[in-house]
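# Examining the three-dimensional arrangement
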Amino acid sequence: MLPARLSAVPAGERPGDRPALPLRRRRTLRLAASIWAVILVAAAVRGCYGSAAGGESTADGGLAAGMALPWPQDGQTSVAVEGLGDLGSKGEQEPVPIASVTKVMTAYVILGEHPLKGAATGPVIEVDRKAADESLSLEESSAPVREGQRFTERQMLELMLIPSGNNIARLLARWDAGTQEAFVAKMNRAAAGLGMTHTTYTGASGIEPTTVSTAVDQLRLARQVMKDPVLRSIVAKPRVTIPGIPGPIVNTNTLLGRSGVIGLKTGSTTPAGGALMWAAEAAAAGRTWLILGVVLHQRAGSPPATGLQAALDRSRILIDAVRESLDSVVAAQPLQRRPVVHSQSLP
């Protein structure tokens, strides 16, 4: 109700008991009443949908308005639906270590310099002594390769992305640019080209805590790499067998095949905590939509396995919630904002 001082007629008094107010006074009262009505309506809407507290935002004209998404409470997260727009982000978007999520940019640069088409396997790459020696490390994830072994570019990408082989990431960097340092310069140029303004790469594998980024920046990269059918097919494989490698080689992304998940890449170190760049499909309004998300800095400071499990668990809860709400989100969009989406069918 309006404040008593704005009421045209005080309580208990009949209109006929008071002289008519001057015209200017009546206009002032009507304007004040209108302003209060707007304020009260805005407050009611705010009460229904809540505020974007804790660093959370919903972009693209309120695409996710009214969606009670179960955002992870720590670290940072960003989610989008291709063809619709951003569902928002949560957490302070400050650069943090991203661990092996780094390898997505490594693969992006390699495929940019040495593109593969269709079922092509690409050039043959020989394992050098450094990569063979690094495969024996107990301090980081690696692929079990021996000096002199020869693998195709596609197989090398599988060894890097599926079991998260740090030694293979650095081997690919040397193969492409001569040194890892020269390759890292290419990575940073590629990041700048994608508008990843809060990202710095200092290595090809992600083992260095000085490689930092944000969930929003990494979501930009996810959108780009999922356009490449070769990379998209590799990150969707739960396991792979490669001649010369004891197998099968199991993907570190244990969400594959569940909740519509078709990729992308895990990461975990003690400084980075758990990280996951993910891609999932969902059916809504008679179409298949691609949902992309990134969670970073989950349980940072804990053992890598603990952080990674937190990233996987929290991502699955978020993915399920988005998929369940997608029908209502699509239905709420104007017809002109509903492009025809051609995508692979759900697994």
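Since we're looking at a predicted model, the values are computed, not measured.

Reading the values: rules and limits
Residues numbered from 1 in each chain as written. Predicted model: local features only at pLDDT ≥ 70, side-chain atom pairs only at ≥ 80, totals over all residues. Heavy atoms only, no water. Helix = DSSP H or I, 4+ residues; strand = E, 2+ residues; numbered from the N terminus. Expected span 1.5 Å × (residues − 1). Bend = angle between axes of the 7 residues up to and from the residue. Salt bridge = Lys/Arg side-chain N within 4 Å of Asp/Glu carboxyl O. Buried < 20%, exposed > 50% of the residue type's maximum accessible area, 1.4 Å probe, protein only. Pairing = 2+ DSSP bridges. Axes fitted to C-alpha atoms, helices over the stretch in contact; angles between N-to-C directions. Parallel < 35°, antiparallel > 145°, perpendicular 65-115°, else oblique. Left-handed = near helix turned anticlockwise from the far one by under 90°. Contact = heavy atoms within 4.5 Å. Polar contact = N/O pair within 3.5 Å; in protein donor to acceptor, adjacent residues only side chain to side chain. pLDDT = per-residue confidence, 0-100. Core = buried A, V, L, I, M, F, W, Y, C linked by side-chain atoms within 4.5 Å.

For the rest of this paragraph, the subject is helix 9 (residues 304-331). The first and last C-alpha atoms of helix 9 sit 40 Å apart over 28 residues, in line with the 40 Å expected at 1.5 Å per residue. The largest bend in helix 9 is about 45 degrees, located at Ser325.

Across the chain, the bulk of peptide bonds are trans and the bulk of non-glycine residues have phi less than zero. For the bond from Gly247 to Pro248, the omega torsion is 0 degrees, close enough to zero to count as cis. Mapped onto the fold, Pro248 is located in the loop between strand 7 (239-240) and strand 8 (249-250). A cis amide bond, omega 20 degrees, links Gly263 with the succeeding residue Leu264. Along the chain, the position of Leu264 falls in strand 9 (residues 261-269).

If you walk through the whole model with that rule in mind, you get 13 salt bridges. Where Glu82 meets Arg223, a salt bridge forms, and the shortest distance between an N and an O atom there is 3.0 Å. Taken together, the residues Glu82 in the loop between strand 1 (76-81) and strand 2 (85-90) and Arg223 in helix 7 (residues 215-225) connect sequence positions 141 residues apart. Taking relative accessible area as the criterion, Glu82 reaches 23% and is therefore assigned partly exposed. One salt bridge in this structure joins Arg170 and Glu134, with 3.3 Å as the shortest N-O distance. Placement of the pair is Arg170 in helix 5 (residues 166-177) and Glu134 in helix 3 (residues 129-134), with a sequence separation of 36 residues. Each of the salt bridges in this network shares a partner with another, and the network as a whole consists of Lys130, Glu134, Glu140 and Arg170.

Right, let's get into the sheet that holds strand 9. Read from one edge of the open sheet, five strands run 2-1-11-10-9, paired in antiparallel fashion. Edge positions in the sheet fall to strand 2 and strand 9, since each of these pairs with one other strand and no more. Across the sheet, the mean angle separating the axes of adjacent strands is 10 degrees when strand polarity is ignored. With 10 bridges connecting them, strand 10 (residues 273-284) and strand 11 (residues 287-298) associate as antiparallel partners.

All right, on to the packing of helix 2 (residues 102-113) against helix 7 then. Packing of helix 2 against helix 7 brings their axes to within 11 Å, and their N-to-C directions diverge by 40 degrees. Compared by their axis directions, helix 2 and helix 7 come out oblique. Considering how the two elements wind past one another, helix 2 and helix 7 form a crossing that is left-handed. Contact residues: helix 2 offers Val104, Met105 and Tyr108, while helix 7 offers Leu221, Gln224 and Val225.

On to the environment of Glu140. With respect to the helices, strands and loops of the structure, Glu140 is situated in the loop between helix 3 and strand 5 (150-152). The exposure class of Glu140 is partly exposed, given its relative accessible area of 22%. With 27 residues separating them in the primary sequence, Glu140 and Asn167 have C-alpha atoms 9.0 Å apart. Those residues in contact with Glu140, other than ones at most four positions away along the chain, are Asn166, Arg170 and Ile207. Within polar-contact distance, the side chain of Glu140 engages the side chain of Asn166 at 2.7 Å. Separated by 2.9 Å, the side chains of Glu140 and Arg170 make a polar contact.

What follows concerns the confidence of the model for the chain. Per-residue confidence for the chain gives a mean pLDDT of 83, with 77% of residues at or over 70. The model gives residues 1-21 a pLDDT under 50, and that stretch makes 11 contacts with residues more than four places away or in other chains. Confidence drops under a pLDDT of 50 for residues 336-347, and excluding neighbours within four residues, the segment shows 28 contacts in the predicted structure.

Counting residues in each nonpolar core, the largest one holds 61 residues, and the members touching the most others are Met105, Leu157, Leu159, Ile168, Tyr201, Leu221 and Leu264. Tallying contributions element by element places helix 2 first for this core, with six residues. Sequence-distant contacts of Met105, defined by excluding residues within four places in its chain, comprise Met187, Ala190, Ala191, Leu194, Met196, Tyr201 and Leu221. Membership of the second largest hydrophobic core comes to 27 residues, among which are Trp278, Trp289, Ile291 and Val295.

As a further point, take the side chain of Ser100. If you trace the backbone, Ser100 turns up in the loop between strand 3 (96-97) and helix 2. On the basis of relative accessible area, Ser100 is assigned to the buried category, the value being 8%. For Ser100, the side chain forms a polar contact with the side chain of Ser164, separated by 3.2 Å. Discounting residues that sit within four places of it in the chain, Ser100 has contacts with Ser164, Asn166, Ser205, Lys265, Thr266, Gly267 and Ser268.

This next bit is on the side chain of Asn251. Following the sequence through the fold, Asn251 ends up in the loop between strand 8 and strand 9. In this structure the side chain of Asn251 is engaged in a polar contact, spanning 2.9 Å, whose partner is the backbone nitrogen of Asn253. Excluding residues within four positions of it along the chain, Asn251 makes contact with Leu161, Ile162, Val235, Lys237, Pro238, Arg239 and Leu256.

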